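Breakdown of the fold
This is what each chain is made of:
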Amino acid sequence: MEYSRRDKIRLSYGTAIELGLIKGIIKDPLTTGYFFIIMNKCEGKCKFCLQSKESSNMISRVIWPEFSIEEILKKPLNKFKRICIQCSKENNIISKVINFISNIKNIPISISTSPLREEEMILLKKMDIDIFTIPIDCANKELFSYIKEENWEYYWNSLKKALKIFGKEKVGTHIIVGLGERECDIINILEKCKEIGIIPSLFAFTPISKTELYNLKRPSISSYRRLQIARELIFMNEEYEFIYDNNGRIIEIKTHKNVLEDIIERGEAFMTKGCPNCNRPYFNESPLGPIYNYPRIPKKEEIDIIRRELFAENLRISYK
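Here's a quick rundown of the structure.

The rules behind these values
Residues numbered from 1 in each chain as written. Predicted model: local features only at pLDDT ≥ 70, side-chain atom pairs only at ≥ 80, totals over all residues. Heavy atoms only, no water. Phe/Tyr/Trp six-rings, centres within 6.5 Å; stacked < 30°, edge-to-face > 60°. Helix = DSSP H or I, 4+ residues; strand = E, 2+ residues; numbered from the N terminus. Buried < 20%, exposed > 50% of the residue type's maximum accessible area, 1.4 Å probe, protein only. Lys NZ or Arg CZ within 6 Å of the ring centre and 35° of its normal. Pairing = 2+ DSSP bridges. Axes fitted to C-alpha atoms, helices over the stretch in contact; angles between N-to-C directions. Salt bridge = Lys/Arg side-chain N within 4 Å of Asp/Glu carboxyl O.

Some words on the packing of aromatic side chains
Using the criterion set out here, one finds 10 aromatic pairs in the structure. Summarising the aromatic geometry, the rings of tryptophan 152 and tryptophan 156 are spaced 6.0 Å apart at their centres and angled 65° between planes, so their arrangement reads as edge-to-face. Remark: tryptophan 156 and tryptophan 152 occur in helix H6 (residues 152–166); sequence separation between them is four residues, near one turn of the helix. For the pair formed by tryptophan 152 and tryptophan 156, the shared burial category is buried. Grouping aromatic residues by their ring pairs yields a cluster made of Phe144, Trp152, Tyr154, Tyr155 and Trp156. The lysine or arginine in question, lysine 47, covers the ring of tyrosine 146, its NZ or CZ lying 4.8 Å from the ring centre. The ring of tryptophan 156 has lysine 192 lying over it, and the distance from NZ or CZ to the ring centre is 3.9 Å.

Okay, here's the thing in structure tokens:
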């Protein structure tokens, strides 16, 4: 298929470097290539995202330069273990998605999008989309209505429809920590995802200039570590109990002896979680730290830092 120069899509800055489209240095190599497909302007109203305000080359803290599909397809996409395609919220965006992915062979593909029509999801399934993601982002209904200006039940119903089409553990969602929710709200979402077969990814809120939530603070690293531990316990099928204070913050974790220590020492709980081989280096943090999601197994000295972060706010551990 021939493409005109007008057939362009965006790549994360790191993806563009990995493919040799721009020059730069990558501290931690990408295991997944990240692409953003947009036609005109995103119709979403997410208050944390610059795309809701203007056509921008920024998503979170990452620059996404634009390239023609023709020059992208000349590059060795198979150097990545996975391709992740993020979609602007626009009618008929799937036509442009299909235009691109029909040229990608023998690489697992994930798609992250706002809810689609059932026939569109079935079409993507027929094209061997590996994992289908609809980001919830907000951990409770009230925040969701305010920050995304969408219908909570509609999004969850769309996720359940996706489960019927793609299957359990082939559907994902995103949860942003630090939008004003309580830790117990996020635990509720994590447990719901586990129950129905959805794979959740945690991200730390990143304030972006010109957005409505620019003055909101980032989540404390201690809070984020508690939630990473909680996610690991939930998805490892371990026996656990979380004790909360009056503000819904985890103040005590009850589990079997040595389980928590094993989770900390292995370090995988503190890496980017979601689709297989997704590592998103420094998507929601500076390489200078603090590191919310590590793009690789943390080193021993980093595990020591993580341990201090986890217990910095007097978290208690007790054994069942």
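Remarks on the sheet that holds strand E9 (residues 171–177)
Spatially, the eight strands line up as an open sheet ordered E5-E1-E2-E6-E7-E8-E9-E10, and their pairing is mixed. Both edges of this open sheet fall to strand E5 (66–68) and strand E10 (198–204), since each of them pairs with a single strand only. On average, adjacent strands in this sheet sit at an angle of 30° to one another, irrespective of strand direction. Bridge analysis of strand E2 (residues 32–37) against strand E6 (residues 82–87) gives six bridges, and the strand direction is parallel. Each bridged residue has a counterpart across the sheet, and for phenylalanine 36 the counterpart in E6 is glutamine 86.

A few points about the pattern of salt bridges
Under the criterion given, the structure shown has 25 salt bridges. One salt bridge in this structure joins arginine 296 and aspartate 28, with 2.9 Å as the shortest N-O distance. In this pair, arginine 296 is assigned in the loop between helix H9 (259–266) and helix H10 (300–310) and aspartate 28 in the loop between helix H1 (13–18) and E2, connecting sequence segments 268 residues apart. Aspartate 262 serves as the salt-bridge partner of arginine 266, at 3.0 Å between the closest nitrogen and oxygen. One end of the pair, arginine 266, and the other, aspartate 262, are both in helix H9, four residues apart, so they sit about a helical turn from each other. Take aspartate 262: its relative accessible area is 37%, and that puts it in the partly exposed class. The structure contains a network of salt bridges with shared partners spanning Glu183, Arg226, Asp245, Arg249 and Glu313.

From the geometry alone we can't say anything about function, so treat these as descriptive.
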